[in-house]
Amino acid sequence: MKTELVKRAFKFRFHPTNEQAAELSRTFGCVRKVYNLALEARTVAWYQRQERVNYNATSAMLTQWKKTEESAFLCEVSSVPLQQTLRHLQGAFSNFFEGRAKYPRFKSKKKTRRSAEYTKSAFKYHNGALTLAKMKTPLAIVWSRPLPDGAEPSTVTVSQDSAGRWFVSMLCEDASVKPLPTLDTAVGIDAGITSLVTLSTGEKITNPRHERRDRARLAEAQRALAKKEKGSRNRDKARIKVAKAHARIADRRRDFLHQLTTRLVRENQTIVIEDLTVRNMVKNKSLARAISDAAWTDMRSMLEYKCAWYGRKLVTIDRWFPSTKLCSACGTIREKMPLSVRQWTCDCGTTHDRDVNVARNILAAGLAVTACGAGVRPQRESSRTGQPAAKQETLTAK
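Residues numbered from 1 in each chain as written. Predicted model: local features only at pLDDT ≥ 70, side-chain atom pairs only at ≥ 80, totals over all residues. Heavy atoms only, no water.

**Topic: the sheet that holds strand E2 (residues 114-119)**
Let me state the cut-off plainly: When DSSP finds at least two bridges between two strands, those strands are taken to pair. The helix count covers DSSP runs of H or I at least four residues long, the strand count covers runs of E at least two residues long, and both are numbered beginning at the N terminus. Should any heavy atoms of two residues lie within 4.5 Å, those residues are counted as being in contact. To obtain an axis, a line is fitted to C-alpha atoms, over the contacting stretch when the element is a helix, and the angle between two such axes runs from 0 to 180 degrees between their N-to-C directions.
The 5 strands are arranged E2-E6-E7-E1-E5 in an open sheet whose pairing can be described as antiparallel. Both edges of this open sheet fall to E2 and strand E5 (141-142), since each of them pairs with a single strand only. Bridge count between E2 and strand E6 (residues 155-160): 6 bridges; the pairing is antiparallel. Across the sheet, the residue bridging to Thr119 is Thr155, located in E6. Sitting on the sheet, helix H1 (residues 18-49) touches strand E1 (6-14), E2, E6 and strand E7 (166-174), and the angle it makes with E2 is about 95°.

Right, dumping it as structure tokens:
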């Protein structure tokens, strides 16, 4: 039986020389310039002549831009990242036309993250040494973990974040990712703020609140930045301090979510979650910061690809399912469930912890979805009256 290979990105930090940093900075600038020129050409063609410009047309435009005096600098960098950014623009338009994303936006010089993508024709990888096009020496990569045995990168993405850190991401085919042994366990997950997740088993995992722990340091750096004169070198230094504070928070949050999601995937065959609309929930000004810090969307994304990797099943139930007001013991639905009620007793005599009861209802609904077949969702509570569902209100108040 042939082992199925999984495409997996391995991200490492590296420390470029001054020459490499200058070359990459030029490449980033050219990538941004080409993206913006192509986006402008496609926008003008549509709004003025109702013409759709595809990737092949913008690729031909790139050739002509390189021949002009004002854009001759595009010839100084590798052509592969420039072609790749045109492919990315084509993907952005495809997502827009299919309703998955908004209209593409122009890239700004002040963008927090700069990147360039290289395909196999634009880099050399041999014995752990990665050399990019237009460079004489390999990158000084900090190998925090080895690549899979025999793995060769198919694409390499070099990026620099707002804190000035350099990263290289290598996309490889990994044969070491294999389905885990089949289990007979299933778990329902209720997302919250005080408890990041509550499991149907009764376990509550406390929210680390990474942003709150570093809020004083971040506020001090932001105050210092506000006092600096715009355009000065001191302002750039202060901006980097703010960016480093944000990066520290993001790194710790991502690490915690990886550990949590990996544990959930390893211990359960079926995982049931709710289909939450976080973008609407963060409109609550009182809880927007806490909801953003919880990073429920990132957690769901991690669960999705890890379940796909390791042969687990992720079930998503309808966000309007009345899991908050439903008794997990007898199935009775209460008329009201105020947000201040954290424990309640049903008429059947069962005393519920609010969050644990929700997680158990989510699990039961997910198992019902699995039994009925793919694409079947639990019946909605009547909610077309313009009033938000009780569950959505509950999540924003935890």
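So much for the structure itself; the text now carries on.
**Quick notes on the pattern of salt bridges**
Operational definition: Here, a salt bridge means any side-chain nitrogen of Lys or Arg that lies within 4 Å of a carboxyl oxygen of Asp or Glu. Only protein chains enter the accessibility calculation, which uses a 1.4 Å probe; a residue is then buried when its area is under 20% of its type maximum, exposed when over 50%, and partly exposed in between.
In total, this model carries 19 salt bridges according to the counting rule given. Among the salt bridges present, the one from Arg263 reaches Glu203, with a minimum N-O distance of 2.6 Å. Residue Arg263 is located in helix H6 (residues 233-267), and its partner Glu203 is located in the loop between strand E9 (195-199) and strand E10 (204-206); the two are separated by 60 residues in the primary sequence. By relative accessible area, Glu203 is classed as partly exposed at 30%. One salt bridge in this structure joins Glu211 and Arg215, with 2.7 Å as the shortest N-O distance. Its relative accessible area of 31% is what places Arg215 among the partly exposed residues. Because the salt bridges share partners, they merge into one network encompassing Asp161, Arg165, Asp251 and Arg254.

**Digging into the UniProt feature "domain: Cas12f1-like TNB" (unreviewed entry) in the protein chain**
The test is simple: UniProt positions are given in the numbering used here, feature names are shortened, and annotations may be inferred rather than shown by experiment.
The sites that carry the UniProt feature "domain: Cas12f1-like TNB" (unreviewed entry) are, in the present numbering, residues 296-362. End C-alpha atoms of residues 296-362 are separated by 16 Å, and the span's content is 36% helix alongside 16% strand.

**Brief notes about the packing of aromatic side chains**
Heads up, the rule is: Ring pairs shown here join Phe, Tyr and Trp side chains whose ring centres sit within 6.5 Å, with only the six-membered ring taken for Trp; geometry is labelled stacked below 30 degrees between planes, edge-to-face above 60, and tilted in between. Charge-over-ring placement is defined geometrically: NZ (Lys) or CZ (Arg) within 6 Å of the ring centre, and within 35 degrees of the ring normal.
What the rule picks out here adds up to 9 aromatic pairs. Ring geometry for Phe14 against Trp166: centres 5.9 Å apart, planes inclined by 55°, an arrangement best described as tilted. Of the two residues, Phe14 sits in strand E1 while Trp166 sits in strand E7, which places them 152 residues apart along the sequence. Neither residue differs from the other here; Phe14 and Trp166 are each classed as buried. Put simply, the rings of Phe93, Phe96, Phe97 and Tyr103 pair up and form one aromatic cluster. The ring of Phe167 is capped by Lys11, whose NZ or CZ atom sits 4.7 Å from the centre of that ring. For Arg42, the ring lying beneath its charged end belongs to Phe93, and the centroid distance is 4.1 Å.

**Brief notes about the layout of surface pockets**
This is how the line gets drawn: Whether a set of points on the 1 Å grid over the protein atoms alone is a cavity depends on a 1.4 Å probe fitting there but being unable to get out, while an open set qualifies as a pocket with protein on both sides within 12 Å along at least five of seven lines; lining residues are those with an atom within 4 Å of a point. Grid points are joined across faces, edges and corners, and a volume is the space filled by probe spheres set on the points. Residues are sorted three ways: Asp, Glu, Lys and Arg are charged, Ala, Val, Leu, Ile, Met, Phe, Trp, Tyr, Cys and Pro are nonpolar, and all the rest, Gly among them, are polar.
Of the pockets and cavities examined, the largest pocket occupies roughly 1400 Å³. Forming the walls of the largest pocket are 41 residues, and the residues nearest its centre are Lys11, Asp251, Arg254, Asp255 and His258. Sorting the residues of the lining of the largest pocket by element identifies E1, E6, E7, helix H5 (215-227), H6 and helix H9 (296-310) as the ones contributing at least two each. In terms of residue count, H6 provides more of the lining of the largest pocket than any other element does, 16 residues in total. Classifying every residue of the lining of the largest pocket by side-chain character gives 15 nonpolar, 10 polar and 16 charged.

**Observations concerning the packing of H1 against helix H3 (residues 79-97)**
To describe two helices that pack against each other, one gives the angle between their axes and the distance between the axes. Rules: Convention used here: angles under 35 degrees read as roughly parallel, angles over 145 as roughly antiparallel, angles from 65 to 115 as roughly perpendicular, and any remaining angle as oblique. Left-handed describes a crossing whose near helix is turned anticlockwise from the far helix through less than a right angle; right-handed describes the clockwise counterpart.
One way to put it is that H1 packs onto H3 with a least axis distance of 9 Å and a crossing angle of 40°. Put simply, H1 runs oblique to H3. Once H1 is placed against H3, the crossing between them reads as right-handed. Contact residues: Thr27, Cys30, Val31, Val34, Tyr35, Ala38, Leu39 and Arg42 in H1; Pro81, Leu82, Thr85, Leu86, Leu89, Gln90, Ala92 and Phe93 in H3.

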